[in-house]
Amino acid sequence: MTLALEMLLPHIEGFCLHCRAGFENELQAEFDYRTRTTSLQGNFSALVPGLLLWSGSCTAPLAERNLQLLNFLDHCWPQWIFARQCSAVFATLQDIDTSDRISALLNALPPYLKVSQLLCETADTNDGKSLSRLARALESRLFQGLQVRDHWQKTSPWRLHLIFISGQHILLGLIRLHSASPWPGGVPRLKMPARAPSRSTLKLDEALQVFLPPEEHSRLLKPGSSVVDLGAAPGGWTWQMVQRGLLVTAVDHGLMQAELMQSGMVEHLKADGFIYRPRQRVDWMLCDMVEQPYRIAQLVALWVQFNLAKAIIANLKLPMKKRWDEVQLCQDIIRQALRKHRPDARFYARQLYHDREEITIAILPPSG
Ligand SMILES: C[S@@+](CC[C@H](N)C(=O)[O-])C[C@H]1O[C@@H](n2cnc3c(N)ncnc32)[C@H](O)[C@@H]1O
């Protein structure tokens, strides 16, 4: 017997989106922008800093409504800039009996629901961090409960998200596996390498993990490939590439870490990153110069226009005000160049966990 979609999927109430605390307005502006051509209408509420709930009104029949909402999330996922994680919320548990949270959570699942992954999530704040200890403690018992009640199926395309707002207030969400981040809250756990010259190193490490699917690492990060790193000092980004065996031209008037220079894999040019151009096309251009974002966007567009690098990762430092407007301006500059000169390239922009008042953009050659 094939079950109808409305029996497999619970009633979806809305979306839960994670962002960096303090960027809720930017995420809301982005959401409005992405829904402007859809029939989705609803309201946002900030559950706690860094966690937004969108609740929508829609008169379509249940299955159709659910599909519309899920398709929207599928479509948006690789494009979100300010959302690090998302899921479709189908139940909200409040005032849970704290002596038996597991039963309350399992009882909220529709009988036919099958999932193949489970994520317990909290906001990316200090309160969220203390709550994550409780979330982690419940995770393995919940996993057993899902198996016992026959909700676990290895081949299911769905992942269950439990979003802890407090110890007694938990949202239950669903998402297709490929339509959200594999890490709780969209935050990869990266360890600061002891020998790296700066904490900035984690920004590039995260960017490579978020934007480059694991199967593409061996193709696009081949040892011996060439890199230009604009604004490289003291060398955190360069260090990441050197660790992977790539050869770097580091452009910066500042000093590079001595140990990194001893690797013999870095050439340091004391030059202006806006003026420097490679003699021939390089595999990667990296840019972490502290400058007006639109100037960096124009520089990236120029590298695209003259086809100076196969792939680009650049950081855009955002202004204090009108950040969404600035992001759109920068995106327009880069997208226009891509449409004209590299229409097959992939383009992503995201505020990564290790980004503060900034976003990271990536331009990659076509996959495969
Ligand atoms: C945020 S730091 C880069 C950190 C580096 N990515 C790391 O991981 O260690 C910004 C760097 O940009 C450099 N910079 C700013 N304007 C520049 C320009 N016009 N040309 C070259 N470097 C520039 C600064 O000297 C500074 O070292």
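Residues numbered from 1 in each chain as written. Predicted model: local features only at pLDDT ≥ 70, side-chain atom pairs only at ≥ 80, totals over all residues. Heavy atoms only, no water.

**Q** Run through the layout of surface pockets, naming residues and quoting values.
**A** For the largest pocket, the calculated volume is near 480 Å³. Taken together, 23 residues form the lining of the largest pocket, with Trp77, Pro182, Gln209, Val210 and Phe211 sitting closest to its centre. Only helix H6 (201-211), helix H7 (214-220) and strand E13 (346-350) provide two or more residues apiece to the lining of the largest pocket. Among the elements that take part in the lining of the largest pocket, H6 stands out by supplying four residues, more than any other. Classifying every residue of the lining of the largest pocket by side-chain character gives 13 nonpolar, six polar and four charged. Counted as a void, the second largest pocket has a volume near 370 Å³. Taken together, 21 residues make up the lining of the second largest pocket; nearest its centre are Thr122, Ser132, Arg136, Pro184 and Arg189. Counting only elements with at least two residues in the lining of the second largest pocket, the list comes to strand E5 (117-121) and helix H5 (126-148). In the lining of the second largest pocket, the residues fall into seven nonpolar, seven polar and seven charged. (1 Å grid on protein atoms, 1.4 Å probe; cavity = no way out; pocket = protein on both sides within 12 Å on 5 of 7 lines; lining within 4 Å. Points joined across faces, edges and corners; volume = space filled by probe spheres on them. Helix = DSSP H or I, 4+ residues; strand = E, 2+ residues; numbered from the N terminus. Nonpolar A, V, L, I, M, F, W, Y, C, P; charged D, E, K, R; others polar.)

**Q** Describe in detail the pairing of strand E6 (residues 158-164), supporting the description with residues and values.
**A** Judged by how many residues are buried, E6 sits mostly within the fold: seven of seven residues are covered. Alternating residues of E6 divide into Trp158, Leu160, Leu162 and Phe164 and Arg159, His161 and Ile163, and every residue in both groups is buried. One ladder, built from five bridges, connects E5 with E6; its direction is parallel. Bridge assignment links Gln117 to a residue of E6, and that residue is Arg159. Taken together, the seven bridges between E6 and strand E7 (residues 170-176) define a ladder with antiparallel strand orientation. (Buried < 20%, exposed > 50% of the residue type's maximum accessible area, 1.4 Å probe, protein only. Pairing = 2+ DSSP bridges.)

**Q** Mind laying out the domain arrangement of the protein, listing which residues take part and the relevant values?
**A** Domains assigned within the protein are domain 1 (5-186) and domain 2 (201-364). Between domain 1 and domain 2, the C-alpha centre-to-centre distance is 32 Å. Domain 1 puts 18 residues into the contact, and the matching count from domain 2 is 20 residues. Counting each side, the surface lost to burial between domain 1 and domain 2 is near 1700 Å², with a carbon and sulfur contribution of 54%. There are one salt bridge connecting domain 1 and domain 2. A salt bridge links Arg323 to Glu26; the nearest nitrogen and oxygen atoms lie 3.1 Å apart. Between domain 1 and domain 2 we count seven residue pairs in polar contact (both at pLDDT 80 or more) in total. Counting residues per element, the side of domain 1 that touches domain 2 draws most heavily on helix H2 (residues 24-35), at four residues. The residue inventory of the side of domain 1 that touches domain 2, partitioned by class, reads ten nonpolar, two polar and six charged. (Domains from an automatic or database assignment. Contact = heavy atoms within 4.5 Å. Buried area = accessible area lost by both parts, 1.4 Å probe. Salt bridge = Lys/Arg side-chain N within 4 Å of Asp/Glu carboxyl O. Polar contact = N/O pair within 3.5 Å; in protein donor to acceptor, adjacent residues only side chain to side chain.)

**Q** Before we move on, can you summarise the state of the cysteines with the specific residues and values?
**A** As enumerated under the stated definition, the model contains zero disulfides in all. Free of any disulfide, Cys19 has its nearest neighbouring cysteine sulfur in Cys16, separated by 9.9 Å. Judged by its relative accessible area of 1%, Cys19 falls in the buried class. With no disulfide of its own, Cys86 lies 8.0 Å from the sulfur of Cys76, the closest cysteine sulfur. (Disulfide = S-S within 2.5 Å.)

**Q** Before we move on, can you summarise helix H11 (residues 323-341) with the specific residues and values?
**A** End to end, H11 covers 27 Å across 19 residues, agreeing with the expected 27 Å (1.5 Å per residue, within 8%). Tucked inside the fold, the buried residues of H11 contact H2, helix H10 (293-305), strand E12 (309-317), E13 and strand E14 (358-364). (Expected span 1.5 Å × (residues − 1).)

**Q** Describe the site of the ligand, listing the residues and the values that go with them.
**A** Around the ligand, the structure places 18 residues, and the nearest of them are Ser198, Gly236, Asp252, Gly273 and Asp288. At a separation of 2.8 Å, an oxygen atom of the ligand approaches a polar backbone atom of Gly236. Between the ligand and the protein, one listed contact pairs an oxygen atom with a side-chain N or O atom of Asp252 at 2.8 Å. Computed on the free molecule, the ligand has an accessible area of 600 Å², of which 78% lies beneath the protein chains in the complex. Residue composition of the shell around the ligand, by class: nine nonpolar, six polar and three charged. (Near = heavy atom within 4 Å. Areas by Shrake-Rupley, 256 points an atom, 1.4 Å probe, with all protein chains shown as cover.)

**Q** Any chance you could break down unusual backbone geometry for me, citing the residues and the numbers?
**A** Ala233 connects to Pro234 through a cis peptide bond whose omega is 0°. Tracing the chain through its elements places Pro234 in the loop between strand E8 (226-230) and helix H8 (236-243). Even without glycine at this site, Asp150 takes up a positive phi of about 65°. The topology assignment puts Asp150 in the loop between H5 and E6. On the basis of relative accessibility, which here comes to 48%, the residue Asp150 falls in the partly exposed class. Positive phi outside glycine occurs at Lys322, with the angle close to 50°. By the secondary structure assignment, Lys322 is in the loop between E12 and H11. Residue Lys322 is classed as exposed on the basis of its relative accessible area, which comes to 64%.

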